[in-house]
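One-letter residues, chain by chain:
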Amino acid sequence: QVQLVESGGGLVQPGGSLRLSCAASGSIFSIYAMAWYRQAPGKQRELVAVIPSGGSTNYADSVKGRFTISRDNAKNTVYLQMNSLKPEDTAVYYCYADLQRTIVTPRTDYWGQGTQVTVSS
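Residues numbered from 1 in each chain as written. Predicted model: local features only at pLDDT ≥ 70, side-chain atom pairs only at ≥ 80, totals over all residues. Heavy atoms only, no water.

Q: Just checking my understanding: could you explain the overall build of the protein for this structure?
A: In terms of regular secondary structure, the protein is built from 0 helices and 11 strands. Secondary structure elements of the protein occur, N-terminal to C-terminal, as β-β-β-β-β-β-β-β-β-β-β. At 14 Å, the protein has a C-alpha radius of gyration in line with the 14 Å of a compact globule built from 121 residues. Within the protein, the proportion of its 121 residues that are buried is 40%. (Helix = DSSP H or I, 4+ residues; strand = E, 2+ residues; numbered from the N terminus. Rg over C-alpha atoms; globule rule 2.2 N^0.38 Å. Buried < 20%, exposed > 50% of the residue type's maximum accessible area, 1.4 Å probe, protein only.)

Quick look at the structure:
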């Protein structure tokens, strides 16, 4: 089994900061990309940031300059540093991984359970 476990969400005031973490555990041969998505009530799930293995990071226009995605490959963990938070950042944030469990199994998408981020005064 593979699990993605997020942490770090919570309530923060506008202009504040949060750091989300997501650790992948279980049988993992290789992680090709990790990403953060978010979904606000009544909205479609959207890509926030992605960090492919060996590739450049990419961010949604709405978070460029404020959010930073990073990885700790030794821990199979991805982070999202969120600064200058705005009320419109309020959403459930989901961790995503494109990974291969074993050398003989295909690449597969995995999702975390989500962590709530609320930006409000």
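Q: Hey, could you run me through unusual backbone geometry in this one?
A: Glycine aside, the phi torsion of most residues is negative, and most peptide linkages are trans. Residues other than glycine seldom take positive phi values, yet Asn76 does so here, at roughly 50 degrees. Turning to its location among the elements, Asn76 is positioned in the loop between strand S7 (67-72) and strand S8 (77-82). Owing to a relative accessible area of 25%, Asn76 belongs among the partly exposed residues under this scheme.

Q: So what exactly am I meant to see when it comes to the packing of aromatic side chains here?
A: Aromatic rings in a pair are described by how distant their centres are and how their planes are angled relative to each other. Under the counting rule described, the total for this entry stands at 3 aromatic pairs. Aromatic side chains Tyr37 and Tyr96 sit 5.9 Å apart centroid to centroid with 65 degrees between the ring planes, which places their arrangement in the edge-to-face category. Of this pair, Tyr37 sits in strand S4 (residues 30-39) while Tyr96 sits in strand S9 (residues 91-100); the two residues are 59 residues apart in sequence, bridging distant segments of the chain. Given a relative accessible area of 12%, Tyr96 falls into the buried group. The ring of Tyr79 has Arg19 lying over it, and the distance from NZ or CZ to the ring centre is 4.1 Å. Positioned above the aromatic ring of Tyr94, the side-chain terminus of Arg45 is 3.8 Å from the ring centre. (Phe/Tyr/Trp six-rings, centres within 6.5 Å; stacked < 30°, edge-to-face > 60°. Lys NZ or Arg CZ within 6 Å of the ring centre and 35° of its normal.)

Q: Please clarify how the state of the cysteines should be interpreted in this entry.
A: Any covalent bond linking the sulfur atoms of two cysteines counts as a disulfide. Under the defined criterion, the tally for this structure stands at 1 disulfide. Here Cys22 connects covalently by a disulfide to Cys95, the sulfurs 2.0 Å from one another. Note on the Cys22 and Cys95 pair: the S-S dihedral is about -85 degrees, so by sign convention the disulfide is left-handed. Remark: Cys95 occurs in strand S9 and Cys22 occurs in strand S3 (residues 18-26); sequence separation between them is 73 residues. For the residue pair Cys22 and Cys95, the accessibility class agrees, reading buried in each case. (Disulfide = S-S within 2.5 Å.)

Q: I keep staring at a nonpolar patch on the surface and nothing clicks. Help me out?
A: There is a patch of nonpolar side chains on the surface, built from Phe29, Ile103 and Val104 and spanning about 360 Å² of accessible area. Of note, Phe29 is situated in the loop between S3 and S4. (Patch = residues over 30% accessible without salt bridge, like charges linked within 9 Å, V, L, I, M, F, W, Y side chains within 5 Å. Areas by Shrake-Rupley, 256 points an atom, 1.4 Å probe, with all protein chains shown as cover. Salt bridge = Lys/Arg side-chain N within 4 Å of Asp/Glu carboxyl O.)

Q: Got a minute to help me understand the nonpolar core in this structure?
A: One recurring pattern in soluble globular proteins is that nonpolar side chains are buried together. Ranked by internal contacts, the top residues of the largest apolar core, which has 30 residues, are Trp36, Leu80, Met82 and Tyr93. Elements supplying a minimum of two residues to this core: strand S1 (2-7), S3, S4, strand S5 (46-52), S7, S8, S9 and strand S11 (115-119). It is S9 that contributes the most residues to this core, 5 residues altogether. (Core = buried A, V, L, I, M, F, W, Y, C linked by side-chain atoms within 4.5 Å.)

Q: Help me understand the environment of Arg66 in this model?
A: Structurally, Arg66 is set in the loop between strand S6 (58-59) and S7. Under the relative-accessibility criterion, Arg66 is labelled buried at 10%. Residues Arg66 and Leu85, 19 residues apart in the sequence, show an inter-C-alpha distance of 7.7 Å. Those residues in contact with Arg66 that lie beyond four places of it in its chain are Gln81, Met82, Asn83, Ser84, Leu85, Lys86 and Asp89. Of note is the side chain of Arg66, whose polar atom sits 2.8 Å from the backbone oxygen of Ser62. (Contact = heavy atoms within 4.5 Å. Polar contact = N/O pair within 3.5 Å; in protein donor to acceptor, adjacent residues only side chain to side chain.)

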